[in-house]
Amino acid sequence: MQIARIIIGDLNITINSQENISKPASPKSIINKCIKEWLLQTDLLDVKFSGYPYTWNNHRQDNQLVEAKLDRALANTKWNDIFKSATIYSFTAFGSDHAPILLHKNTAEREYKKPFRVYENWIQQDSCKDVIAKALSQPQQGFVAFQTVLILKLIKK
């Protein structure tokens, strides 16, 4: 029985020549051949990708600029059968040479939770200001967007 598997992240490989721009094809044809053979043997395929196709760049200008798709998700047939409409989204890179990617499974059986809302009359209460101040004073790690989510979760409690 095959197990559903997915690999996500900076795999530091390009699978074909269309995944590099502003750089001649790499002389690593033996390595690329080995990678392609390994992908076939492990039944791993690229998960559908949306957004700017190049997830890494060297931050240089003009003809010195190199961009490549190094960050990706590879999944086997079993995983792709379970999550048929899954998509990897690429976002703008901030403070890094890699663009963040996000897996969205797009499952039909999603749980729809009531969204967190802040009501105007809450803000007028002194206790609300204390809760927000306490949440903001706690150290958070990760990207700014992730820190914001963690802070909102603390406030919601």
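Residues numbered from 1 in each chain as written. Predicted model: local features only at pLDDT ≥ 70, side-chain atom pairs only at ≥ 80, totals over all residues. Heavy atoms only, no water.

1. So, the overall build of the protein
- When helices and strands are counted, the protein shows five helices and nine strands.
- In the protein, the order of α-helices and β-strands from amino to carboxyl end is β-β-α-β-β-β-β-β-α-β-β-α-α-α.
- With 157 residues in all, the protein has 26% of them scored as buried.
- Considering only contacts in the protein between residues 6 or more positions apart, those separated by 24 or more positions represent 63%. (Helix = DSSP H or I, 4+ residues; strand = E, 2+ residues; numbered from the N terminus. Buried < 20%, exposed > 50% of the residue type's maximum accessible area, 1.4 Å probe, protein only. Contact = heavy atoms within 4.5 Å.)

2. So, unusual backbone geometry
- Even without being a glycine, Asp43 presents a positive backbone phi close to 60°.
- By secondary structure assignment, the location of Asp43 is in the loop between helix H1 (29–42) and strand S3 (44–46).
- We note that Asp62 has phi near 50°; this positive angle belongs to a residue other than glycine.
- With respect to the element layout, Asp62 can be found in the loop between strand S5 (56–57) and strand S6 (67–68).

3. As for the pairing of strand S7 (residues 71–76)
- For S7, the buried fraction is high: six of the six residues fall into the buried class.
- As paired elements, S3 and S7 share three bridges and run antiparallel to each other. Considered in S7, the bridge of Leu45 is made with Ala75. (Pairing = 2+ DSSP bridges.)

4. Describing the nonpolar core
- Core analysis: the biggest nonpolar cluster contains seven residues, these being Val47, Ala73, Ala75, Trp79, Phe83, Ala86 and Ile88.
- Those residues within four positions of Trp79 in sequence are excluded, and the remaining contacts are Ala4, Arg5, Ile6, Val47, Ala86 and Leu103.
- Of all hydrophobic cores here, the second largest spans six residues; its members include Ile15, Leu39, Leu44 and Leu74. (Core = buried A, V, L, I, M, F, W, Y, C linked by side-chain atoms within 4.5 Å.)

5. Topic: the sheet that holds S6
- Pairing is antiparallel in the open sheet, where three strands are placed in the order S2-S6-S5. Looking along the sheet, the strands with just one partner apiece sit at the ends: strand S2 (20–21) and S5.
- Inspection of the sheet shows S5 paired to S6 by two bridges, in the antiparallel sense. From the neighbouring strand, Asn57 faces S6, where its bridge partner is Glu67.

6. What about the packing of aromatic side chains?
- Scanning all chains against the criterion turns up two aromatic pairs.
- Centroid distance Tyr52 to Tyr54: 5.6 Å. Interplanar angle 75°. Geometry classified as edge-to-face.
- Since its relative accessible area comes to 45%, Tyr52 is described here as partly exposed.
- Taking the relative accessible area as the measure of exposure, Tyr54 reaches 16% and is therefore buried. (Phe/Tyr/Trp six-rings, centres within 6.5 Å; stacked < 30°, edge-to-face > 60°.)

7. Topic: the pattern of salt bridges
- Overall, the coordinates contain two salt bridges when judged by the stated rule.
- Glu19 is the partner of Arg72 in a salt bridge, and the nearest nitrogen-oxygen pair spans 2.5 Å. Linking Arg72 in strand S7 with Glu19 in the loop between strand S1 (6–10) and S2, this pair joins segments that are 53 residues apart in sequence. Glu19 carries the same exposure label as Arg72, and that label is buried.
- We note a salt bridge from Asp46 to Arg72, for which the minimum N-O separation is 3.1 Å. (Salt bridge = Lys/Arg side-chain N within 4 Å of Asp/Glu carboxyl O.)

Honestly, that's just the spatial picture; any functional story needs more than this.
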